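# Coordinate analysis (summary)
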Amino acid sequence: MKYKIIDFHTHAFPEAIERRAVANLEKHYSLNIPRKGDMKHLLISAKECGIEKIVVHSGATLWRQVENFNDWIAQNTGDNIIGFGTIHPGHPDCIGEIRRIKEIGLRGLKLHPDFQRFNIDDPRMYPIYESLEPDFPVLMHLGDEKLDYSSPRRMAKILDLFPNMTVIGAHLGGYGRWNEARKYLVGKNIYLDTSSALWRLSSQEAVSIIRAHGADKVVFGTDYPIASHWDELNRFLSLLLTEEERRKILWDNAAKILKL
């Protein structure tokens, strides 16, 4: 059966820094990433699997990078490319830049607490979260086996403080910290994406988390270039899910978040 698919979690980098950005990912996660992380190769990978729309993220690790990254993503959006912006808590005008992100056509925000070196529940982030409520979604990297900035426990606190924020928690709620995700996030008012989880979890574990949380609150993501679309889609389709669950995760839930 052919499915309509939105990949909610991809990355692309300007060609001038692409190799360095991928090398940083390899070093942090102890991975070998053979794929290129530029926009051209991202689109080729998605097209090979018939994926109709991709959501592209490119996070700023320094506050001075923020405007350039946001402009670059906005310049590369189109019918099948949906751009999310970046912000850094060290930026002197976070709220103003979020306002500008919306004005230039970006559809949400991506935050990576581990790379940007802030705790999810740091009070200096509260004005940012408040500015996103209720209709500007944020994809939040969750989980790290070495660091605690992005722990599911911290995310649960923010969900309680900002109940109207639309959050997509990456990596089924916490990369390498799925027991903690089960304890603090499963069943909460948060979407989870499947990226960088299906090659770490058994199929039974992945299905268990998806069903415990609810398939209507899960979206498909590849984390390209960490994984190819072909590999991640095959991993997802191998899960023993119903056709209705697959349709929700591959398209319906993401389309609802993005108001497509």
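If you're wondering where the values come from, they're calculated on a predicted model, not measured in any experiment.

### As for the nonpolar core
- If you look at the biggest cluster of nonpolar residues, it comprises 71 residues, and the most contacted ones within it are Leu109, Leu111, Tyr129, Met155 and Leu172.
- The contacts of Leu109, once residues within four sequence positions are left out, are Phe84, Gly85, Thr86, Ile87, Ile98, Ile101, Ile128, Leu132, Phe136, Pro137, Val138 and Leu139.
- In terms of nonpolar packing, the next biggest core, distinct from the first, is built from 15 residues, Leu139, Ile168, Val219 and Ile257 among them.

### Regarding the packing of aromatic side chains
- Per the counting criterion, the structure on display carries 8 aromatic pairs.
- A ring pair is formed by Tyr29 and Phe115, whose centres lie 6.1 Å apart and whose planes are at 50°; its orientation type is tilted. With a gap of 86 residues between them, Tyr29 in helix H1 (residues 18-29) and Phe115 in helix H5 (residues 113-116) connect regions that are remote in the sequence.
- Overall, the relative accessible area of 13% leaves Tyr29 in the buried class.
- Between Tyr129 and Phe162 the ring centres are 5.6 Å apart and the planes differ by 70°, which places this aromatic pair in the edge-to-face class. Residue Tyr129 is found in helix H6 (residues 126-132), and its partner Phe162 is found in the loop between helix H7 (152-161) and strand S7 (167-169); the two are separated by 33 residues along the sequence.
- It is Lys102 that lies over the ring of Phe136; its NZ or CZ is 5.0 Å from the centre.
- A cation sits over an aromatic face here: Arg200 above Tyr175, 5.0 Å from the ring centre.

### Things to note about the pattern of salt bridges
- Evaluation of the coordinates by the stated rule reveals 15 salt bridges.
- In this structure, the salt-bridge partner of Glu26 is Arg19, at a minimum N-O distance of 3.4 Å.
- Residue classification places Glu26 among the buried residues on the basis of a relative accessible area of 17%.
- The salt bridge involving Lys188 is made with Asp160; its shortest N-O contact spans 3.1 Å. Of this pair, Lys188 sits in the loop between helix H8 (178-184) and strand S8 (191-193) while Asp160 sits in helix H7, and the two are 28 residues apart along the sequence.

### A short note on the sheet that holds S7
- If you trace the 6 strands from one edge of the open sheet to the other, you get S4-S5-S6-S7-S8-S9, paired in parallel fashion. Single-partner strands in this sheet number two, and they are strand S4 (85-86) and strand S9 (218-219).
- Taken together, the 3 bridges between strand S5 (residues 109-111) and strand S6 (residues 138-140) define a ladder with parallel strand orientation. Looking at S6, one finds that Leu109 is bridged to Val138.

Definitions and cut-offs
Residues numbered from 1 in each chain as written. Predicted model: local features only at pLDDT ≥ 70, side-chain atom pairs only at ≥ 80, totals over all residues. Heavy atoms only, no water. Core = buried A, V, L, I, M, F, W, Y, C linked by side-chain atoms within 4.5 Å. Buried < 20%, exposed > 50% of the residue type's maximum accessible area, 1.4 Å probe, protein only. Contact = heavy atoms within 4.5 Å. Phe/Tyr/Trp six-rings, centres within 6.5 Å; stacked < 30°, edge-to-face > 60°. Helix = DSSP H or I, 4+ residues; strand = E, 2+ residues; numbered from the N terminus. Lys NZ or Arg CZ within 6 Å of the ring centre and 35° of its normal. Salt bridge = Lys/Arg side-chain N within 4 Å of Asp/Glu carboxyl O. Pairing = 2+ DSSP bridges.

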